[in-house]
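# Fold and geometry: a report
What follows is each chain in one-letter form.
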Amino acid sequence: MTEAHFYSRGTSTSRKSTDQRGAFMRMTQEDNRAASAAPPPENGVSPTLVLTEAFTAEDAINRAGMGKFQVRLIILCGFVWMAKGFDNVVGMFINSLTTCEWNLLRWHSALMVTITTIFTILGCIIYGMWSDKYGRRTALSSSLIFVFVFSAVSVGLPNYTWFLIFRTITAFSIGGFAQALTLCCEYVPGGQRGRVVFILSGFWAVGVTVMLGLLYAMTRPAFYHWRLFAAVSTIPSLVAMIMMRFFPGKHPLSFSQ
């Protein structure tokens, strides 16, 4: 009986799991044939380790079930989705207030909404490919850093052109927040993933509600300014960045062969 630590960085889909099973079973059959053709071992000890059953990442995660690791991961990814909810709300208010402050035309406002939406979609695609190659934790961390930095800098921007550029970069980085959902579901048993997605959606709803409450509390003339709204919207990203330090690099999972 040996203990083997297991860690999976890629997305474990059912098709991939089936392919892995097929590959392992073919290897097992070849090893069995090789062991049958080999001469009898000395001292009754066989030098060949023959696998009799494939055990994949999906099997290990389903066998381990839910635990403290998954709860901590859900909380971390929940704060990421909360940050996304904050940005969704504050983006609408900032767009309206900057239009009034800088005497913009309607097409300026429409252009900002269109560009930020397009670049958010592009960010989802590019961050997805990047995370498949370098890991979802790395992609998610960089996304949080870029969102926090460019959102904080946009508070002091002087005109519409610079604000549009920085909001575009921020929107592209927000596309990486989708990796939080994938990262969370990779380490959750298959039967619990629907419930986890529902919980993460609840974090997004909480973020939207809290931000609306803050905006309502800041409607007084002394506080009603888009720069202050933009500064407040950076708080969830900062909290999620701090929490990434405590995110474990490996799945604390072991199984017996």
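Everything numeric in this text was worked out from a predicted model, so none of it was measured.

### Examining the overall build of the chain
For the chain, the helix and strand inventory stands at 10 helices and 2 strands. Going from N to C terminus, the chain has its helices and strands arranged as β-α-α-α-α-α-α-α-α-α-α-β. In the chain, which comprises 257 residues, the proportion classed as buried is 40%. Taking the intrachain contacts of the chain between residues at least 6 apart in sequence as the baseline, contacts between residues at least 24 apart amount to 83%. As displayed, the chain has an accessible area near 14,700 Å², and 65% of this comes from carbon and sulfur atoms.

### Concerning the pattern of salt bridges
Applying the stated criterion across every chain, the model contains 4 salt bridges. A salt bridge links Arg136 to Asp132, with the shortest nitrogen-to-oxygen separation between them at 2.9 Å. Since its relative accessible area comes to 5%, Arg136 is described here as buried.

### A look at the UniProt feature "transmembrane region" (unreviewed entry) in the chain
Within this structure's numbering, the places UniProt gives as "transmembrane region" (unreviewed entry) are residues 73-94, 106-127, 139-157, 196-218 and 224-247. Taken end to end, residues 196-218 is 96% helix and 0% strand, and its first and last C-alpha atoms sit 33 Å apart.

### Describing the packing of aromatic side chains
Applying the stated criterion across every chain, the model contains 11 aromatic pairs. Between Phe93 and Phe229, the ring centres sit 6.5 Å apart and the planes meet at 85 degrees, which makes this aromatic pair edge-to-face. Placement of the pair is Phe93 in helix 3 (residues 68-101) and Phe229 in helix 9 (residues 226-232), with a sequence separation of 136 residues. Looking at Phe229, the relative accessible area reads 0%, which means it is buried. Between Trp102 and Trp226 the ring centres are 5.5 Å apart and the planes differ by 70 degrees, which places this aromatic pair in the edge-to-face class. Residue Trp102 is located in the loop between helix 3 and helix 4 (106-134), and its partner Trp226 is located in helix 9; the two are separated by 124 residues in the primary sequence. An identical accessibility class is assigned to Trp102 and Trp226; each is buried. Put simply, the rings of Tyr127, Trp130, Tyr134 and Phe172 touch in pairs and so form one group of aromatic residues.

### Side note on the environment of Val196
Along the polypeptide, Val196 turns up in helix 8 (residues 193-217). It is 9.8 Å that separates the C-alpha atoms of Val196 and Val71, two residues lying 125 residues apart in sequence. If near-sequence neighbours (up to four positions away) are discounted, Val196 is found in contact with Ile74, Cys184 and Val188.

### Focus: the packing of helix 4 against helix 5 (residues 136-153)
The N-to-C vectors of helix 4 and helix 5 enclose an angle of 135 degrees; their axes lie 7 Å apart at closest approach. In terms of axis orientation, helix 4 runs oblique to helix 5. Contacts between helix 4 and helix 5 pair Tyr127, Gly128, Trp130, Ser131, Asp132 and Tyr134 from the former with Arg136, Thr138, Ala139, Ser142, Ser143 and Phe146 from the latter.

### Quick word on the side chain of Thr170
With respect to the element layout, Thr170 can be found in helix 6 (residues 160-174). The class of Thr170 is buried, set by a relative accessible area of 1%. One polar contact links the side chain of Thr170 to the main-chain carbonyl oxygen of Phe166, over a distance of 2.8 Å. Setting aside residues no more than four positions away along its own chain, Thr170 makes contact with Asp87, Val147, Phe150 and Ser151.

Basis of the calculations
- Residues numbered from 1 in each chain as written.
- Predicted model: local features only at pLDDT ≥ 70, side-chain atom pairs only at ≥ 80, totals over all residues.
- Heavy atoms only, no water.
- Helix = DSSP H or I, 4+ residues; strand = E, 2+ residues; numbered from the N terminus.
- Buried < 20%, exposed > 50% of the residue type's maximum accessible area, 1.4 Å probe, protein only.
- Contact = heavy atoms within 4.5 Å.
- Areas by Shrake-Rupley, 256 points an atom, 1.4 Å probe, with all protein chains shown as cover.
- Salt bridge = Lys/Arg side-chain N within 4 Å of Asp/Glu carboxyl O.
- UniProt positions renumbered as here; feature names shortened; annotations may be inferred.
- Phe/Tyr/Trp six-rings, centres within 6.5 Å; stacked < 30°, edge-to-face > 60°.
- Axes fitted to C-alpha atoms, helices over the stretch in contact; angles between N-to-C directions.
- Parallel < 35°, antiparallel > 145°, perpendicular 65-115°, else oblique.
- Polar contact = N/O pair within 3.5 Å; in protein donor to acceptor, adjacent residues only side chain to side chain.

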